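Structural overview for review
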Amino acid sequence: MKKAIVRKVDQISVSHFYESYRGALELELLNSPLGMSRKILQPTLNRPGLALAGFFSYFAHERIQIFGAAEMSYLSSTLRGEMRAERLRWLMKEDVPCLIFSRGVEVPEDVLHHADDYSVCVFRSTLPTMKLVNKTTIILENEFAESTSVHGCMVDVRGVGVLITGKSGIGKSEIALGLVERGSSLVADDMVRIRNISGELVATSPQLSSGFIEIRGIGIINVTNLFGLKAYRRQKEVNLVINLTDGVMSDMERLGLTRQTTNILGVEIERLNLPVAPGRDMTRLVEVAALGQYLRESGYDMAGEFNKRLHNEIKMRKNLRVSSGND
């Protein structure tokens, strides 16, 4: 595989976050939108309870601030008067990206007033606090994840994510189509976007081409129209890379004892070089390779078992020759 360009995201705007995920997080803007240009600099969240209580050291001001039941209880029952105003002003002036109040609570007017003074957006979500935290964390991990694009096809073969690579015209899309016809699910054709999310490589398709395969001589095919909704999957972890080659068959590994890997975004993924030749059922071979990968990940190595049997056979015959010689 050619060296791919790695894209790194070190910030996203509050506007992008809100417009992209307001539905998923059930967000509602409660005050002025002047803070929409602020930047979210970290893919994690902060609960500002300690800051409200007066402990300002190690305050994670670059993160989205989440107000749950504990923070609301402290605001409504404990924090009052000038101290309350001072703590809220301190929180806003720390350049926090935005505030999100969970559980659909009624946000105090003074919070909105201080937020407007410092142009900080305040959102309200109807989601329970932990659900809001979990969903937002996943969203931010995806947004900040390193990514790259690979020329190839990505297919979910019976639960195994297979990335098929090879030179243009070697038959990647035809194999992907054959796999879909056999019950697999297409993730991406031609261009595969891969993200490193907490050490796991997750493949998706560009939005424009999602669910479509281009077959030379036929044109564009919508797999869900032909094979049903199960024929397409929005994303899948990459478990195996199969690189199609037009190399000489005799030069290839025959037993499968030597395993090769390829590095994608710092993660080592097992790679199999599969030669393309007339008469070979490439779709079936890719499917068998995927099933073999599933067995290896489950703890069973077919090539290893054969090698063990071979060594036992050699040892047994050697012992028989020694025994015959002694007789």
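Residues numbered from 1 in each chain as written. Predicted model: local features only at pLDDT ≥ 70, side-chain atom pairs only at ≥ 80, totals over all residues. Heavy atoms only, no water.

1. Points about the sheet that holds strand β11 (residues 200-204)
Read from one edge of the open sheet, 8 strands run β14-β11-β10-β8-β9-β15-β17-β16, paired in mixed fashion. In this open sheet, the two strands that pair with only one neighbour each are β14 (235-237) and β16 (260-264). In this sheet, neighbouring strand axes are inclined to one another by 40 degrees on average, regardless of whether the strands run parallel or antiparallel. Pairing geometry for strand β10 (residues 185-197) and β11, over 5 bridges, is antiparallel. (Pairing = 2+ DSSP bridges. Helix = DSSP H or I, 4+ residues; strand = E, 2+ residues; numbered from the N terminus. Axes fitted to C-alpha atoms, helices over the stretch in contact; angles between N-to-C directions.)

2. Here we look at the sheet that holds strand β4 (residues 45-46)
Taken in spatial order, the 5 strands make up an open sheet running β2-β7-β6-β5-β4, and their pairing is mixed. What marks the edges here is a single partner per strand, and that holds for β2 (27-29) and β4. Pairing of β2 with strand β7 (residues 121-125), which is carried by 3 bridges, proceeds in the antiparallel orientation. Bridged to glutamate 28 within β7 is arginine 124.

3. Considering a nonpolar patch on the surface
Together, Leu50, Phe55 and Tyr58 make up an exposed nonpolar region whose accessible area comes to about 430 Å². Position of leucine 50 among the secondary structure elements: in helix α2 (residues 49-52). (Patch = residues over 30% accessible without salt bridge, like charges linked within 9 Å, V, L, I, M, F, W, Y side chains within 5 Å. Areas by Shrake-Rupley, 256 points an atom, 1.4 Å probe, with all protein chains shown as cover. Salt bridge = Lys/Arg side-chain N within 4 Å of Asp/Glu carboxyl O.)

4. So, the packing of aromatic side chains
Counting across every chain of the model gives 5 aromatic pairs. Centroid distance phenylalanine 56 to tryptophan 90: 4.1 Å. Interplanar angle 25 degrees. Geometry classified as stacked. Taken together, the residues phenylalanine 56 in the loop between α2 and β5 (64-67) and tryptophan 90 in helix α4 (residues 81-93) connect sequence positions 34 residues apart. Taking the relative accessible area as the measure of exposure, tryptophan 90 reaches 15% and is therefore buried. Relative to phenylalanine 101, the ring of phenylalanine 67 has its centre 4.4 Å away and its plane inclined at 20 degrees; by these criteria the two rings are stacked. Taken as a pair, phenylalanine 67 in strand β5 and phenylalanine 101 in strand β6 (residues 98-101) lie far apart in primary sequence, 34 residues in all. Take phenylalanine 67 and phenylalanine 101: they sit in the same class, and that class is buried. (Phe/Tyr/Trp six-rings, centres within 6.5 Å; stacked < 30°, edge-to-face > 60°. Buried < 20%, exposed > 50% of the residue type's maximum accessible area, 1.4 Å probe, protein only.)

5. Considering the packing of α4 against helix α5 (residues 109-117)
Axis separation between α4 and α5 bottoms out at 9 Å; the angle between their running directions is 40 degrees. Between α4 and α5, the crossing angle belongs to the class labelled oblique. Once α4 is placed against α5, the crossing between them reads as right-handed. From α4, Arg84, Ala85, Leu88, Arg89 and Met92 reach across to α5, where they touch Asp110, Val111, His114 and Ala115. (Parallel < 35°, antiparallel > 145°, perpendicular 65-115°, else oblique. Left-handed = near helix turned anticlockwise from the far one by under 90°. Contact = heavy atoms within 4.5 Å.)

6. Quick notes on the state of the cysteines
Tallied over the full model, the rule gives 0 disulfides. The thiol sulfur of cysteine 98 is not disulfide-bonded, and the nearest other cysteine sulfur, from cysteine 121, lies at 7.2 Å. Judged by relative accessible area, which is 0%, cysteine 98 ranks as buried. (Disulfide = S-S within 2.5 Å.)

7. Examining the pattern of salt bridges
Counted by the stated rule, this structure contains 16 salt bridges. The partner of glutamate 82 in a salt bridge is arginine 89, and the shortest N-O contact between them spans 2.9 Å. When its relative accessible area of 53% is taken as the criterion, glutamate 82 is described as exposed. Across the pair aspartate 281 and arginine 182 runs a salt bridge, and its minimum N-O distance is 3.6 Å. Of the two residues, aspartate 281 sits in the loop between β17 (267-275) and α9 (282-297) while arginine 182 sits in the loop between α7 (172-181) and β10, which places them 99 residues apart along the sequence. Note on aspartate 281: relative accessible area 36%, which makes it partly exposed. Salt bridges sharing common partners tie together Arg158, Arg182, Asp281, Arg284 and Glu287.

8. Quick notes on the pairing of β17
Pairing analysis gives 5 bridges linking strand β15 (residues 240-245) to β17, with the strands arranged parallel. By the bridge assignment for β17, leucine 244 is matched with leucine 274. Connecting β16 to the next strand, β17, in antiparallel fashion are 2 residues, including leucine 265 with a positive phi near 55 degrees.

9. A short note on the side chain of serine 205
Residue placement: serine 205 occurs in the loop between β11 and β12 (212-215). Assessed through its relative accessible area of 13%, serine 205 is described here as buried. Side-chain polar atoms of serine 205 contact the side chain of serine 209, separated by 3.3 Å. Residue contacts for serine 205: discarding those within four places in its chain leaves Val187, Ala188, Ser210 and Arg234. (Polar contact = N/O pair within 3.5 Å; in protein donor to acceptor, adjacent residues only side chain to side chain.)

10. Topic: the layout of surface pockets
Quantified by volume, the second largest pocket comes out at close to 430 Å³. Taken together, 13 residues line the second largest pocket, and the ones lying closest to its centre are Arg193, Arg195, Thr204, Ser205 and Arg234. Going through the elements one at a time, β10 and β11 are the ones with two or more residues in the lining of the second largest pocket. Ranked by residue count, the leading element in the lining of the second largest pocket is β10, at 3 residues. Residues that form the lining of the second largest pocket fall into these classes: 4 nonpolar, 6 polar and 3 charged. (1 Å grid on protein atoms, 1.4 Å probe; cavity = no way out; pocket = protein on both sides within 12 Å on 5 of 7 lines; lining within 4 Å. Points joined across faces, edges and corners; volume = space filled by probe spheres on them. Nonpolar A, V, L, I, M, F, W, Y, C, P; charged D, E, K, R; others polar.)

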